[in-house]
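Secondary and tertiary structure notes
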Amino acid sequence: MIHRLRGRTSIVRRGLLALMLPAVAAMAQLTDVTQTPNLANEGIKKSFLEQIGAGRGNVMTPDSSIFIIRRDPFRSIRRGRQIFQRKFTVAQGLGPRTDDGVGNIETDASHGAGLSDSCASCHGRPRGSAGFGGDVFTRPDSRDAPHLFGLGLQEMLADEITHDLRSIRSAAIAAAQQSGQPQTRALVSKGISYGTVRAMPDGSVDKSMIRGVNDDLRVRPFFAQGGTISIREFLVGAFNAEMGLESPDPDLLAASAGADVITPSGMVLSGSIDRIEAPPASSPTDDPDHDGVVNEIPTSVVDHMEFYLLNYFKPGTGNQANVHVIGRQLFSQIGCASCHIPDLQIEHDRRVADVETVYDPVNGNFNQLFATATPRFSAFDDGSGFPSLKTPSLQPFLVRNIFTDFKRHDLGPNFHERNFDGTTTTMFITEPLWGVGSTAPYGHDGRSIDLHDVILRHGGEAQAARDAFAALNLKNQYQVLIFLESLVLFPPDDTASNLNPGDRNAAGFPQNGHGSIRLPALFNNPNDPE
């Protein structure tokens, strides 16, 4: 029986049924049926022009990105999902790589990036998910493509930590100026220490004791070295570097010029105090790669993609039997949890729903996992005659099993990374461990073949924890490893849920009837399939 979301309107239930997935079976990559018509009618039902819709618009512009995000947010998530899966064509602006791959790779590593025709070609495992993929030649020893599960939660946590740290610094400066004496304050947010800051009466700041974050106290959660602030920068940059698709995004353009901008997903791009990466094109008529195609990734497409990745599923947890519980305890006892902190709380969650995926051999029809979706928004009838406005509830949310501290650490020479200009990167942000059981090989460069190997590769600041693991007997090591293997990614289209629990007795099981987190036909307007 489908779980009922009590006390909510039918639109909430139908909306949650739409969360993340298209009406079609969710393969990693998809073409649309206008490009590749087929008797099975499989593929994205809208053309790229239809996905672009009426541009950015506003809440009164039907089929614009703002209208859909604010009034039909789950449709925006689905549209972003299908753009993520879309196989782009040369006619749509696909390629070339930066300078067609010829240029100074020392100053611009994107010359070594791969040329993909979809986001899912690098972030597509396990099947039909925004998961992990192969590596690219942006460093001499390569970079491994990470999974994107829980990306929005990472963005929100890093942004809140940044706000906390900067507030502490401001308070220290104010106290020093008022007292006429230097003031030292501990930089602590969400229980994580980032060192100390010492403010002087003249307003200057001694930054020498700051740890694990840049002197500007901005936590940058994306890329192994901690290089990018926001999902929006990440996706616009990836479209360009990995696919040769250029966006003239006005939000990034304004923020890169010093403006403070709030994106449609609620992320504040503080251009007045942060360095924001500019988009590759400066206007919808700009053609930096000279391929004859302009406005290759319009603003509305960026809006839907950002909203999709903000709301994308967090990883799941597999079986938590006694052996896993013991392994988790040992993980903490040997010191791993000092950097890989299990749970962190968001104070203002900008998502419109949460999906919790856990081991459930009774209800998990196909892969022994079961997902429960919960709404996290409120609705307001603005009297326009359009669907009600939907806004995130912005309530606290405890992010469980993320296992990170959002700090950069030196893990010793085994993790140091050569750059093309001859320099070496030694500091890397703590990798969240959720999903780690599904994402071999390991390390930012993919050079460790299994979990045992990557643990023993640790050194530097993690030397003591590494040695404590190595000193465990084989049984205890196994318990730690089996616990880590229970932190999993999952294919949404094969995972039963309270939205579609599936039926083992259905004809054609397991190809049909295994359940999914998938949209049923009742939510679609048959005259306007997504």
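Given the structure is predicted, the values throughout are model-derived calculations rather than measurements.

So, about the layout of surface pockets. Approximately 400 Å³ is the volume found for the second largest pocket. As for the second largest pocket, its lining consists of 18 residues, and the residues nearest its centre are Met-156, Asp-159, Glu-160, His-163 and Val-268. Elements with a minimum of two residues in the lining of the second largest pocket: helix 5 (151-179) and strand 7 (268-270). Counting residues per element, the lining of the second largest pocket draws most heavily on helix 5, at eight residues. Residue composition of the lining of the second largest pocket, grouped by class: four nonpolar, six polar and eight charged.

This part covers the pattern of salt bridges. This model, assessed by the stated rule, comprises 26 salt bridges. As a salt-bridge pair, Arg-86 and Asp-32 come within 2.7 Å of each other at their nearest N and O atoms. On the criterion of sequence distance, the pair formed by Arg-86 in the loop between helix 4 (73-85) and strand 1 (135-136) and Asp-32 in the loop between helix 1 (10-17) and helix 2 (48-52) is long-range, its members being 54 residues apart. Its relative accessible area of 1% is what places Arg-86 among the buried residues. Among the ionic pairs, Glu-417 bridges to Arg-143, the shortest N-O distance being 2.7 Å.

Across the sheet, three strands lie side by side as 3-4-5; this open sheet has antiparallel pairing. Edge positions in the sheet fall to strand 3 (183-189) and strand 5 (205-206), since each of these pairs with one other strand and no more. In the sheet, strand 4 (residues 192-199) pairs with strand 5 via two bridges, with the strands oriented antiparallel. When the bridges of strand 5 are listed, Arg-198 appears paired with Asp-206.

For soluble globular proteins, the rule of thumb is that nonpolar side chains tend to be buried together. Ranked by internal contacts, the top residues of the largest apolar core, which has 75 residues, are Phe-84, Phe-88, Phe-239 and Phe-406. When neighbours within four sequence positions are excluded, Phe-406 is seen to be in contact with Gln-154, Leu-157, Ala-158, Ile-161, Tyr-194, Gly-212, Val-219, Pro-221, Leu-344 and Ile-429. Of all hydrophobic cores here, the second largest spans 22 residues; its members include Leu-330, Phe-403, Val-436 and Phe-483.

To continue, consider helix 12 (residues 474-484). Taken as a whole, helix 12 has its buried residues at Gln-477, Gln-479, Val-480, Leu-481, Ile-482, Phe-483 and Leu-484. In this fold, the buried residues of helix 12 make contact with helix 9 (322-333), helix 10 (451-457), helix 11 (463-471) and strand 19 (487-488). By the N-cap criterion, in which a side-chain oxygen at the helix start approaches the backbone nitrogen of a residue two or three places on, helix 12 is capped by Asn-473, the distance to Lys-475 being 3.2 Å.

Relative to the elements of secondary structure, Gln-154 occurs in helix 5. Taking the relative accessible area as the measure of exposure, Gln-154 reaches 8% and is therefore buried. In this structure, the C-alpha to C-alpha distance between Gln-154 and Ser-230, residues 76 residues apart in sequence, is 9.6 Å. In contact with Gln-154, other than residues within four places in its own chain, are Phe-149, Pro-221, Phe-222, Ile-402, Phe-406, Pro-432 and Trp-434.

This paragraph deals with the side chain of Thr-162. Looking at where Thr-162 falls in the secondary structure, it is placed in helix 5. One polar contact links the side chain of Thr-162 to the main-chain carbonyl oxygen of Ala-158, over a distance of 2.9 Å. A polar contact is formed between the side chain of Thr-162 and the backbone nitrogen of Val-219, at a distance of 2.9 Å.

The end-to-end C-alpha distance of helix 6 (residues 231-243), which contains 13 residues, comes to 17 Å, matching closely the 18 Å that a straight helix rising 1.5 Å per residue would cover. Most of helix 6 is tucked away: 10 of the 13 residues are buried. Buried within helix 6 we find Ile-231, Arg-232, Glu-233, Phe-234, Leu-235, Val-236, Phe-239, Ala-241, Glu-242 and Met-243. Gly-244 sits one or two positions beyond helix 6 and adopts a positive phi of about 70 degrees.

The final tally for this structure, using the stated rule, is 15 aromatic pairs. The interplanar angle of 85 degrees and the centroid separation of 6.1 Å between the aromatic rings of Phe-88 and Phe-239 together place this pair among those described as edge-to-face. Of this pair, Phe-88 sits in the loop between helix 4 and strand 1 while Phe-239 sits in helix 6; the two residues are 151 residues apart in sequence, bridging distant segments of the chain. Taken together, the ring pairs in this structure connect Phe-84, Phe-149, Tyr-308, Tyr-312, Phe-313 and Phe-490 into an aromatic cluster. The ring of Tyr-194 has Lys-407 lying over it, and the distance from NZ or CZ to the ring centre is 5.8 Å.

At a minimum axis distance of 7 Å, the contact between helix 4 and helix 8 (residues 299-310) shows a crossing angle of 100 degrees. Accordingly, the angle class assigned to the pair helix 4 and helix 8 is roughly perpendicular. Residues Pro-73, Ser-76, Ile-77, Arg-79, Gly-80, Arg-81, Ile-83 and Phe-84 of helix 4 form the contact with helix 8, whose participating residues are Val-301, His-304, Met-305, Phe-307, Tyr-308 and Leu-309. When the residues that make up the contact of helix 4 with helix 8 are grouped by side-chain class, the tally is nine nonpolar, three polar and two charged.

Before going further, it helps to examine the confidence of the model for the chain. Overall, the prediction assigns the chain a mean pLDDT of 89, with 88% of residues at 70 or greater. Note that residues 1-12 has pLDDT below 50 and, in this model, 17 contacts with residues that lie over four places away or in other chains. Note that residues 518-527 has pLDDT below 50 and, in this model, 26 contacts with residues that lie over four places away or in other chains.

Our focus in this paragraph is empty space enclosed by the protein. Applying the stated criterion across every chain yields a total of three cavities of 30 Å³ or more. When its volume is computed, the largest cavity comes out at roughly 80 Å³. Residue lining of the largest cavity: Lys-314, Pro-315, Gly-316, Thr-317, Glu-356, Thr-357, Arg-400, Asn-401, Trp-434, Gly-435 and Leu-487, and that is the complete set. Among the elements of the structure, strand 8 (316-317) and strand 10 (353-359) are those that each provide at least two residues to the lining of the largest cavity. For the lining of the largest cavity, the per-class residue count stands at three nonpolar, five polar and three charged.

Here the focus is unusual backbone geometry. Of note, the bond from Ala-440 into Pro-441 is cis; its omega dihedral lies within 30 degrees of zero at 0 degrees. Within the secondary structure, Pro-441 sits in the loop between strand 18 (427-429) and helix 10. Positive phi, close to 50 degrees, is recorded for Asn-295, a residue that is not glycine. Within the fold, Asn-295 resides in the loop between strand 7 and helix 8. Even without being a glycine, Gln-368 presents a positive backbone phi close to 65 degrees. As for its position among the elements, Gln-368 is in the loop between strand 10 and strand 11 (369-375).

What counts and what doesn't
- Residues numbered from 1 in each chain as written.
- Predicted model: local features only at pLDDT ≥ 70, side-chain atom pairs only at ≥ 80, totals over all residues.
- Heavy atoms only, no water.
- 1 Å grid on protein atoms, 1.4 Å probe; cavity = no way out; pocket = protein on both sides within 12 Å on 5 of 7 lines; lining within 4 Å.
- Points joined across faces, edges and corners; volume = space filled by probe spheres on them.
- Helix = DSSP H or I, 4+ residues; strand = E, 2+ residues; numbered from the N terminus.
- Nonpolar A, V, L, I, M, F, W, Y, C, P; charged D, E, K, R; others polar.
- Salt bridge = Lys/Arg side-chain N within 4 Å of Asp/Glu carboxyl O.
- Buried < 20%, exposed > 50% of the residue type's maximum accessible area, 1.4 Å probe, protein only.
- Pairing = 2+ DSSP bridges.
- Core = buried A, V, L, I, M, F, W, Y, C linked by side-chain atoms within 4.5 Å.
- Contact = heavy atoms within 4.5 Å.
- Polar contact = N/O pair within 3.5 Å; in protein donor to acceptor, adjacent residues only side chain to side chain.
- Expected span 1.5 Å × (residues − 1).
- Phe/Tyr/Trp six-rings, centres within 6.5 Å; stacked < 30°, edge-to-face > 60°.
- Lys NZ or Arg CZ within 6 Å of the ring centre and 35° of its normal.
- Axes fitted to C-alpha atoms, helices over the stretch in contact; angles between N-to-C directions.
- Parallel < 35°, antiparallel > 145°, perpendicular 65-115°, else oblique.
- pLDDT = per-residue confidence, 0-100.

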